[in-house]
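These are the residues of each chain, in order.
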Amino acid sequence: MKKTKAEILSMIETLKGLKTENMYLNDFFHTWKETDDEINAVFEVAEILRAMRENNISTKVFDSGLGISVFRDNSTRTRFSFASACNLLGLEVQDLDEKVSQIAHGETVRETANMVSFMADVIGIRDDMYIGKGHTYMKTVSEAVQEGYNDGVLEQRPTLVNLQCDIDHPTQSMADMLHVINYFGGVENLKGKKIAMTWAYSPSYGKPLSVPQGIIGLFSRFGMDVVLAHPEGYDIMGDVIEVAKENAAKSGGSFKIANTMEEAFKDADIVYPKSWAPYAVMEERTKLVGEGKFDELKDLEKRCLENNAKFKNWTCTEELMKTTKDGKALYMHCLPADISGLSCKEGEVDQSVFDRYLVPLYKEASYKPYIIAAMIFLAKFKDPSGKLTQLLDDAKPRIK
Amino acid sequence: MKKTKAEILSMIETLKGLKTENMYLNDFFHTWKETDDEINAVFEVAEILRAMRENNISTKVFDSGLGISVFRDNSTRTRFSFASACNLLGLEVQDLDEKVSQIAHGETVRETANMVSFMADVIGIRDDMYIGKGHTYMKTVSEAVQEGYNDGVLEQRPTLVNLQCDIDHPTQSMADMLHVINYFGGVENLKGKKIAMTWAYSPSYGKPLSVPQGIIGLFSRFGMDVVLAHPEGYDIMGDVIEVAKENAAKSGGSFKIANTMEEAFKDADIVYPKSWAPYAVMEERTKLVGEGKFDELKDLEKRCLENNAKFKNWTCTEELMKTTKDGKALYMHCLPADISGLSCKEGEVDQSVFDRYLVPLYKEASYKPYIIAAMIFLAKFKDPSGKLTQLLDDAKPRIK
Amino acid sequence: MKKTKAEILSMIETLKGLKTENMYLNDFFHTWKETDDEINAVFEVAEILRAMRENNISTKVFDSGLGISVFRDNSTRTRFSFASACNLLGLEVQDLDEKVSQIAHGETVRETANMVSFMADVIGIRDDMYIGKGHTYMKTVSEAVQEGYNDGVLEQRPTLVNLQCDIDHPTQSMADMLHVINYFGGVENLKGKKIAMTWAYSPSYGKPLSVPQGIIGLFSRFGMDVVLAHPEGYDIMGDVIEVAKENAAKSGGSFKIANTMEEAFKDADIVYPKSWAPYAVMEERTKLVGEGKFDELKDLEKRCLENNAKFKNWTCTEELMKTTKDGKALYMHCLPADISGLSCKEGEVDQSVFDRYLVPLYKEASYKPYIIAAMIFLAKFKDPSGKLTQLLDDAKPRIK
């Protein structure tokens, strides 16, 4: 299935037609801040980088340089994806460990941002746990390194990649979409396809909202029928709902909110059942953490888990899967999933469903390192198609 | 003592005569699963890589790529050896931290194996603490990435290097053997040499069995007289005993089990006194950990330590050393050793003995990064001698 | 402000005139062990490396190789500086984690030093917490790897960079001085400038003495009027006082100790107000840690904090700043600072003062990675100007 040189050249040709100037030396925060050309360029570059790697062509465009990762949360998958992306391009990763529970203050953030950036080409940040904080933190870092560059502190301005914030999870949603594009044989086949982004029960508490938000914010751009479903009270951010509505209108698709999994799954081409915490709970939690009220936090967790437990029937069963298009909807998840009878007693999905989709799930995840690498690439090269053509012509072997 | 280009060429010539096709894209689990040619090829490539480095010739054969390390145990030495080996070849290391005490389940292992392998060239695993688990874990990872490759999830199949499991410790035993080969001036001088692999007292509990198993499983291939000695009850795995017996028969050496250190040390050319836990205790421990019976674990530890204490006289003293061949047997240890009067009150070896062998001990350890690099090299290049010839011809300086 | 090729060539020309032979394959421990030529060479190489990077010229002189970092203390800044320096030259960093509170013993240090050095090109060590221990530890490591090399254990001898010991903090003081040289428009403008290195109050306890020691030990070489000020009892090491006196005499500057901040700040061109622990307290602390007397340690901390609290008026206020030369002395700090009203109630400096100097403070810090890289470079290349000329001629792009 390895792509030929002619196919790679043809993808580069497509890329050439896309306007990406504004991505140069810029950050990637939310997919809906990017134009259609920019979104398509990320997909194109990701596929080209993957095809080159599969053909043992080196894409090491940095002769040295650092990719700084800041994980304000534990993360194995995203950590490895970011490290893989950096390595693919020739950057070495340096992790900045910050205390998980600590909500950073402006001044400290500015100082640290500069201190770690003297030789940074890119900074990848994951900060998804506190509503109203993650994106703000990234903006503060972004501004701090811009000032550092303007003031002559930094010899270049590192660009930022959002590895998940409280609002969006663009590397996830774009990896998911690239998987969908490949699964359905091309972006042109997505019009009219129905995707069910639904809440699902999990015995754990407080999962971030950025996955469902990222999915509806991106998938609504492709003329699809996007349905969001969750139990009462499990709302996501209103701003993103607006984004999805506008996208759907523009793309000729639709967006609606359903109240049952059944309605969302009915005739769906794609289902994405996943747990998240109610927005209101996440807001209260952020407030309590900020005030150091840890007893009340425990109480909030308890209440939240009790409430979750009322919706154990929100789970992706074989029966539900049968109601999807031809009973064969593509099942998606950002992993790890809470699998009933395997990783927990009752969870998001039946084990038999999950097992049947193991290979697609792994493929879905496999796009993430390439998506991240594409985001870095487009932020670092003014003429990405020219650079890629040169790499293809040089055809320097990765394994010599 | 730096080797000349002619000497390196001659080693490459030797390598050319060895059949290594089956190592290509394959894993390295146990030395006894490898043919004599394959074992010799590892030694040869290790020496060539070392000679090249000593001559400031770069052996960076990967232009980018990742070496994933999984240490289900704390480890400074093996961690640095693996990192050094990867760096020598151009791979960047990414550590996968897993909880030390956790025995992983199949599904999770499969998922994680794929998630960290999207750009992995090699995976090094150390998992030696639980009998019946370490090797099984490695096999699961190996199969998972093979499936991942077959299913189009991974663009290549990373190969595995066993950095120590419950059964074998091939990077240790092969570094040890390369040290012995150099110490005695060539593999042809090993026939008839006596090695005493003996248990020794240590105040710590539960040291893995893979070192003695690895030593008898490998050293018995070289026509040596291999003697294993331990107190009653401190048996090692029966399967490996069988391997040693067969090897000895084939190689024209011998293998026997002695009941005293005195018998083992008598006229020995090499002594390897080292503590380990009884196989039966390790089995019970694995069971108790699996069942989460931590009180019983403590009790097991207490009983084991009490039992150990009965054999404090199993220690490598100056008196015992005098009984070895000319009183000058080569003392070996995988380090760190429990040194009586230095790191503990009573331990595996007298301080004066240990101190006298400091330089040989460090040399012994110095082979490990090159052994690991050789294992990776042979798994990644179909024509290793051709690739090494090319590196020698190019003679690209490592320090420019 | 990017330097031109002609300017870089002119700096290389200057470097050519400096004697650096003794730095080759040598360690960097204390600035006062280096000749003026050697100190100037570090500044020159640091500036050249920075200018090359700003011109996107690769300075990757190692095709593979390891920089080992040993932090016997938590450190984000120094860790990133060392990692950046290594990356700039082509070395990959491997961290050796040692327990923070552990004072290592000779034998263990020797063994570990060899075990991590089989492929190490450079070892960077930070060990500043225990008086009489940090430098000793570094010397032990240095001797161990020298022996390892002599004995044929190591194929090369890694060189050491002192990333902060109990006596000196050369990468900090030299980054500080390079900042000062640039700030005042050249080293020739420093003669007669007054610098106040003063103690300042901090609510935290036991900050190391190596910063004030490093500053007076280095800044006294440039014909400046160096004033050290601290409350009674907050003495620093007498040996370093002697160094500063001798340097001042030789360089035509002066060195004196004042008893008040007011006296030190009066007409100062540069002020460096910073907390540290009294030498006597640090000595007692080291003793108590060594003896495992943790209750007494807590008591010592309590007494020390109580004593500190008597000197809360030792703080860098706007009023004090007004008394400096034209009210505009350059404010310096190694960061992070204890800022009154921001990071603590009462601290080393008023927030308004700190904020006004934010950009200079960040610039000050920005020199450190280049200083470290210069130290490594000079230890690894016998003909540094020749090597730099070659890099400039090749002009290989860092971002391709």
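Within any chain, residue numbers begin from 1 and follow the written order of that chain's sequence. Chains and ligands are labelled by the order in which they are written, letters from A for the one and numbers from 1 for the other. Reporting of local features is limited, given that this is a predicted model, to residues whose pLDDT is at least 70; pairs of side-chain atoms are given and counted only at 80 or more, and all residues count toward the totals for whole chains, interfaces and linings. Only heavy atoms go into the side-chain values, all of them from the structure, while hydrogens and water stay out.

### Considering the overall build of chain A
Within chain A, the regular secondary structure consists of 16 helices and eleven strands. Radius of gyration: over C-alpha atoms. The globule rule applied is 2.2 Å multiplied by the number of residues raised to the 0.38 power. A globule of 400 residues ought to have a C-alpha radius of gyration of about 21 Å, and chain A, at 21 Å, matches this closely. Categorising residues by exposure relies on relative accessible area from a 1.4 Å probe, with only protein chains included: less than 20% of the type maximum marks a residue as buried, more than 50% marks it as exposed, and the intermediate range marks it as partly exposed. Residue burial in chain A is summarised as follows: out of 400 residues, 64% are buried. Considering only intrachain contacts with a sequence separation of at least 6, the fraction spanning at least 24 residues in chain A is 83%. Computed with a 1.4 Å probe, the accessible areas rest on the Shrake-Rupley method; for each residue, only the protein chains presented here act as cover. With an accessible surface of roughly 14,500 Å², chain A has 49% of that area assigned to carbon and sulfur atoms. Working definition: helices are DSSP H or I runs of at least four residues, strands are E runs of at least two. Numbering for both runs from the N terminus. Note on definitions: a residue-residue contact is assigned when non-hydrogen atoms from the two residues lie within 4.5 Å.

### Observations regarding the sheet that holds strand β8 (residues 270-274) of chain C
Residue and element names in this part refer to chain C. For two strands to count as paired, DSSP must find a minimum of two bridges between them. Spatial strand order, β7-β6-β5-β8-β9: five strands in an open sheet with parallel pairing. Since the sheet does not close on itself, it has two edges, and those belong to β7 (254-258) and β9 (330-331), each with one partner. Bridge count between strand β5 (residues 194-199) and β8: five bridges; the pairing is parallel. Bridge assignment links Met197 to a residue of β8, and that residue is Tyr272. Contacting β5, β6 (225-229), β7 and β8, helix α7 (residues 210-219) runs over the sheet at an angle of about 160° to β5. Lines fitted to the C-alpha atoms define the axes, with helices restricted to the stretch that makes contact. Angles between their N-to-C directions range from 0 to 180 degrees. Helix-sheet contacts for helix α8 (residues 238-251) involve β6 and β7, and the interaxial angle to β7 is about 140°.

### Let's talk about the domain arrangement of chain A
A common way to express how large an interface is: the accessible area buried when the components associate. Residue and element names in this part refer to chain A. Domain boundaries assigned for chain A yield domain 1 (5-167 + 369-394) and domain 2 (172-365). Between domain 1 and domain 2, the contact holds 27 residues from the first and 30 residues from the second. Accessible surface is computed with a 1.4 Å probe, and the buried area is the amount of it that two parts give up when combined, taken over both parts together. Interface area lost by domain 1 to domain 2 is led by Trp32, Phe43 and Ile131, which between them contribute 30%. One salt bridge connects Arg221 with Asp36, and the closest N-O pair in it is separated by 2.8 Å. Nitrogen and oxygen atoms within 3.5 Å of one another constitute a polar contact, given that in protein one can donate a hydrogen and the other can accept it, and given that sequence-neighbouring residues count only through two side-chain atoms. Here domain 1 and domain 2 share ten residue pairs in polar contact (both at pLDDT 80 or more) between them. If you list the elements that add at least two residues to the side of domain 1 that touches domain 2, you get α2 (36-54) and α15 (368-380). For the side of domain 1 that touches domain 2, the element with the highest residue contribution is α2, accounting for seven residues. Here the residues of the side of domain 1 that touches domain 2 are counted per class, giving 15 nonpolar, five polar and seven charged. The domain limits used here are those given by an automatic or database domain assignment. Salt bridges are defined as contacts in which a side-chain nitrogen from Lys or Arg sits within 4 Å of a carboxyl oxygen from Asp or Glu. Polar here means any residue outside two lists: the nonpolar Ala, Val, Leu, Ile, Met, Phe, Trp, Tyr, Cys and Pro, and the charged Asp, Glu, Lys and Arg; Gly therefore counts as polar.

### Re the relation of the copies chain C and chain A
Mapping chain C onto chain A calls for a screw motion: a turn of 120° about the axis and a shift of 0.0 Å along it, with 0.0 Å RMSD after fitting. Interpreted geometrically, this transformation is the action of a three-fold axis. Proximity to the rotation axis, assessed at the C-alpha, singles out C:Glu92 in chain C; its C-alpha lies 4.6 Å from the axis. A share of only 6% of interface residues in chain C that are also interface residues in chain A marks the association as one of differing surfaces. When the copies are superposed, the least-squares fit draws on C-alpha atoms of residues that have pLDDT of at least 70 in both.

### Regarding the pattern of salt bridges
All told, the structure shown has 75 salt bridges over all chains when counted by the stated rule. Among the ionic pairs, A:Asp269 bridges to A:Lys325, the shortest N-O distance being 3.3 Å. Residue A:Asp269 is found in the loop between α9 (261-265) and β8 (270-274), and its partner A:Lys325 is found in the loop between α12 (318-322) and β9 (330-331); the two are separated by 56 residues along the sequence. Here A:Asp269 falls in the buried class, since its relative accessible area comes to 9%. According to the relative accessible area criterion, A:Lys325 is partly exposed, its value standing at 38%. One salt-bridge network, in which partners are shared between bridges, spans A:Arg53, A:Arg398, B:Asp121 and B:Glu155.

### Some thoughts on the pairing of β6(C)
Residues and elements named next belong to chain C. When you tally the buried positions in β6, you get four out of five residues, the bulk of the element. For β5 and β6, the ladder comprises five bridges, and the chain directions are parallel. Bridging across to β6, Met197 finds its partner in Leu228. Where β6 lies against β7, five bridges are found, and the strand directions are parallel. Each bridged residue has a counterpart across the sheet, and for Val227 the counterpart in β7 is Lys256. The β-α-β motif built from β6, the intervening α8 and the parallel element β7 has right-handed crossover chirality. Every crossover in which the path from the first strand over the helix to the second runs clockwise, viewed with the strands pointing away from the viewer, is termed right-handed.

### Focus on the packing of helix α2 (residues 36-54) of chain C against helix α15 (residues 368-380) of chain C
All names here are of chain C. Where α2 meets α15, the axes come as close as 8 Å, and the angle between the chain directions of the two elements is 115°. It follows from the interaxial angle that α2 and α15 lie roughly perpendicular. As α2 packs across α15, the resulting crossing turns out to be right-handed. In this structure, α2 uses Ala41, Val42, Phe43, Val45, Ala46, Leu49, Arg50 and Arg53 to contact α15, whose residues at the interface are Tyr370, Ile371, Ala373, Ala374, Met375, Phe377 and Leu378. Class assignment for the residues of the contact of α2 with α15 results in 13 nonpolar, no polar and two charged. Roughly parallel means an angle under 35 degrees; roughly antiparallel, over 145; roughly perpendicular, 65 to 115; everything else is oblique. Working rule for handedness: look at the near helix, and if it is turned counterclockwise from the far one by less than a right angle, call the crossing left-handed; if clockwise, right-handed.

### Describing the packing of aromatic side chains
Residue and element names in this part refer to chain A. In this scheme Phe, Tyr and Trp rings, the latter by its six-membered ring, pair at centre separations within 6.5 Å, and the angle between planes marks the pair as stacked below 30 degrees, edge-to-face above 60, and tilted otherwise. Across all of its chains, the model carries 30 aromatic pairs over all chains by this definition. Ring geometry for Trp199 against Trp314: centres 6.3 Å apart, planes inclined by 75°, an arrangement best described as edge-to-face. Here the residue Trp199 occupies a position in strand β5 (residues 194-199), and Trp314 occupies one in the loop between α11 (294-308) and α12, the gap between them amounting to 115 residues. The residues Trp199 and Trp314 share a single accessibility class, namely buried.

### A look at the UniProt feature "domain: Aspartate/ornithine carbamoyltransferase Asp/Orn-binding" (unreviewed entry) in chain A
Per the UniProt record, "domain: Aspartate/ornithine carbamoyltransferase Asp/Orn-binding" (unreviewed entry) is annotated on residues 215-376 of chain A. Structurally, residues 215-376 of chain A comprises 49% helix and 13% strand, and the distance from its first C-alpha atom to its last is 21 Å. UniProt positions are given in the numbering used here, feature names are shortened, and annotations may be inferred rather than shown by experiment.

### Considering the relation of the copies chain B and chain A
Between the two copies, chain B and chain A, the superposition gives an RMSD of 0.0 Å; the rotation angle is 120° and the shift along the axis is 0.0 Å. Different-surface contact between copies: only 7% of interface residues of chain B are shared with the interface of chain A.

### A short note on the side chain of A:Ser117
Residue and element names in this part refer to chain A. Within the secondary structure, Ser117 sits in the loop between α4 (106-115) and β3 (120-126). Judged by its relative accessible area of 1%, Ser117 is buried. Not counting chain neighbours up to four residues away, the residues in contact with Ser117 comprise Ile123, Val145, Leu154 and Pro158.

### Overview of the interface of chain C and chain A
Contacts between the two partners involve 33 residues from chain C and, on the opposite side, 28 residues from chain A. With both chains or domains summed, chain C and chain A bury close to 3,000 Å², and 55% of this area falls on carbon and sulfur atoms. Contact with chain A buries surface across chain C, with C:Phe80, C:Tyr362 and C:Lys400 losing the most and accounting together for 26% of the total. Across the chain C-chain A interface, the total number found is five salt bridges. Across the salt bridge formed by A:Asp121 and C:Arg53, the nearest N and O atoms sit 4.0 Å from each other. Where chain C meets chain A, there are 16 residue pairs in polar contact (both at pLDDT 80 or more).

### Concerning the sheet that holds strand β8 (residues 270-274) of chain B
Residue and element names in this part refer to chain B. The five strands lie next to each other as β7-β6-β5-β8-β9, forming an open sheet whose pairing is parallel. Looking along the sheet, the strands with just one partner apiece sit at the ends: β7 (254-258) and β9 (330-331). Running at roughly 160° to strand β5 (residues 194-199), helix α7 (residues 210-219) makes contact with β5, β6 (225-229), β7 and β8 of the sheet.

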